[in-house]
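# Coordinates in review
The lines below spell out each chain.
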Amino acid sequence: MQVHRDLDHLPEFRNAIVTIGTFDGVHAGHRYILQQLEQAAAACGGETVIVTFDPHPREVLAPKPGSIHLLTTLAEKITLLEQQGVDHLVVVPFTKAFSELSAQAYLEDFLVARFKPHTIIIGYDHRFGHNREGGLELLEAEQERYGFKLIEIPQQVVHDLTVSSTKIRKSLQEGQVRLATELLGYRYFLSGEVVHGDKMGRQLGYPTANLQLADTRKLIPAEGIYAVEVQLAGHSSLLPAVMSIGTRPTFNGTDLRLEVHLFDFNEDIYGQQLTVFFEDYIRANQKFDNIDALIVQMDKDSEKAREMLKR
């Protein structure tokens, strides 16, 4: 997959089959669109072209600290789209000026002029241009004039839930990681560097890898205890683990910690990159009366996590 970041030096796409969107999560609904792209490209000997934006439009249009929770960083999105066999990914710098293009200018000066689309494939609710004034109705009215075909993608439903990045975010924020897996089509993951903590887990007999995320905009699932698997450099297979997301209420903590205890593992991994794949939710965080009670519960959590991962 070729990644293009300079709009002034795009190649001449061959019968470009184009779709546009943030593609946050590259979830099951997105992959349905990608299948339509591939089929349309095969029918006309064309190339698949995805147009996405960086930063996320909401970071520009509603720049509130902490208001953006991404399912995938740009680097993760690129990797996931490449795995789907996309030919071209165009990363458009999203600016205030770009957001103020009228819908007609967006169509003429951006889509048509730069991509010369053979076919445009978009979701039923796609909006574009200043104040989201453009949509399917404009594309339908102008497709003959500009010579492109238009394919509308209807709502995709999984167990009576519309597949959307918003619903996936909500499921993760409620700890429903198995539902998120179903909607995404893969297990949600967090990646970051293993950093030093206060070694409290080691004192309890449960040494943990403290994870510092590479991108603070990445959505962190609900606080609680999870069964997870870990990808670590130098290991060919995923490693079973249990993860705690929370403030450690038993110790009156205030800062959010991402702590991973890898089962049957005793290597120094400080400074290494670690990726956590969420398998299932075990329980909510709670404050224990004493450390002994906490350790008993940690034993139960570990046993439960092992059982979940065996499934």
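You'll find the structure just up there.
Below or above, wherever it landed, is the structure these notes cover. (Residues numbered from 1 in each chain as written. Predicted model: local features only at pLDDT ≥ 70, side-chain atom pairs only at ≥ 80, totals over all residues. Heavy atoms only, no water.)

### Points about the overall build of the protein chain
The test is simple: Only DSSP runs of H or I reaching four residues or more are called helices, and only runs of E reaching two or more are called strands; each is numbered from the N terminus. It only takes one pair of heavy atoms within 4.5 Å for two residues to be counted as in contact. Note on areas: Shrake-Rupley, 1.4 Å probe, and residue coverage restricted to the protein chains presented here. Within this scheme the basic residues Lys and Arg register as positive and the acidic residues Asp and Glu register as negative, but His and the chain ends are omitted. Every charge is mapped to an atom, namely NZ of Lys, CZ of Arg, CG of Asp or CD of Glu.
When its secondary structure is counted, the protein chain shows ten helices and 14 strands. With respect to the principal axes defined by its C-alpha atoms, the protein chain has extents near 75 × 40 × 40 Å. Within the protein chain, residue pairs in contact and separated by at least 24 positions form 73% of the contacts whose partners lie at least 6 positions apart. Here the protein chain displays about 15,400 Å² of accessible surface, and carbon together with sulfur accounts for 48% of that area. Counting 31 positive and 42 negative side-chain charges, the protein chain places the centres of these two groups 3 Å from one another.

### A word on the packing of aromatic side chains
Here is the rule we go by: We call Phe, Tyr and Trp rings a pair once their centres come within 6.5 Å, taking the six-membered ring for Trp, and we label the pair stacked below 30 degrees between planes, edge-to-face above 60, and tilted otherwise. Accessibility here uses a 1.4 Å probe with only protein chains present; expressed as a share of the type maximum, an area under 20% marks a residue as buried, one over 50% as exposed, and anything in between as partly exposed. Counted as over-ring charges are cases with an Arg CZ or a Lys NZ within 6 Å of the ring centre that also lie within 35 degrees of the ring normal.
Under the counting rule described, the total for this entry stands at 14 aromatic pairs. Ring plane angle 20 degrees and centroid distance 4.9 Å describe the contact between Y106 and F128, whose orientation is recorded as stacked. Residue Y106 is found in helix α5 (residues 103-115), and its partner F128 is found in the loop between β5 (119-123) and α6 (136-146); the two are separated by 22 residues along the sequence. Given a relative accessible area of 4%, Y106 falls into the buried group. Taken together, the ring pairs in this structure connect F13, F53, F94, F98, Y106, F110, F115 and F128 into an aromatic cluster. When the ring centre of F189 is taken as reference, the NZ or CZ atom of K218 above it lies at 4.5 Å. Positioned above the aromatic ring of F263, the side-chain terminus of R306 is 4.1 Å from the ring centre.

### Quick look at the sheet that holds strand β3 (residues 47-54)
Basically, it comes down to this: Strand pairing is defined by DSSP finding a minimum of two bridges between the two strands. Fitted lines through C-alpha atoms serve as axes, helices being fitted only where they are in contact, and the angles separating the N-to-C directions of these axes extend from 0 to 180 degrees.
Pairing is parallel in the open sheet, where six strands are placed in the order β1-β4-β3-β2-β5-β6. On the outer flanks of this sheet lie β1 (2-4) and β6 (149-153), each paired with one strand and no other. Neighbour-to-neighbour, the strand axes of this sheet turn through a mean angle of 20 degrees, independent of strand direction. Bridging between β5 and β6 involves five bridges; their strand directions are parallel. Looking at β6, one finds that T119 is bridged to K149. The sheet strands contacting helix α1 (residues 28-44) are β2 (16-20), β3, β5 and β6, and the helix crosses β2 at an angle near 165 degrees.

### Focus: the nonpolar core
What counts here: What makes a nonpolar core is a set of buried Ala, Val, Leu, Ile, Met, Phe, Trp, Tyr and Cys residues whose side-chain atoms join them at distances within 4.5 Å.
The biggest cluster of nonpolar side chains holds 53 residues, and the ones touching the most others in it are V228, V230, M243, L274, V276 and F278. At five residues, α1 tops the list of elements feeding residues into this core. Not counting chain neighbours up to four residues away, the residues in contact with M243 comprise L190, G224, I225, Y226, V228, L258, E259, V260, V276 and F278. Judged by nonpolar contacts, the second largest core, of 28 residues, contains F13, A103, L107 and I122.

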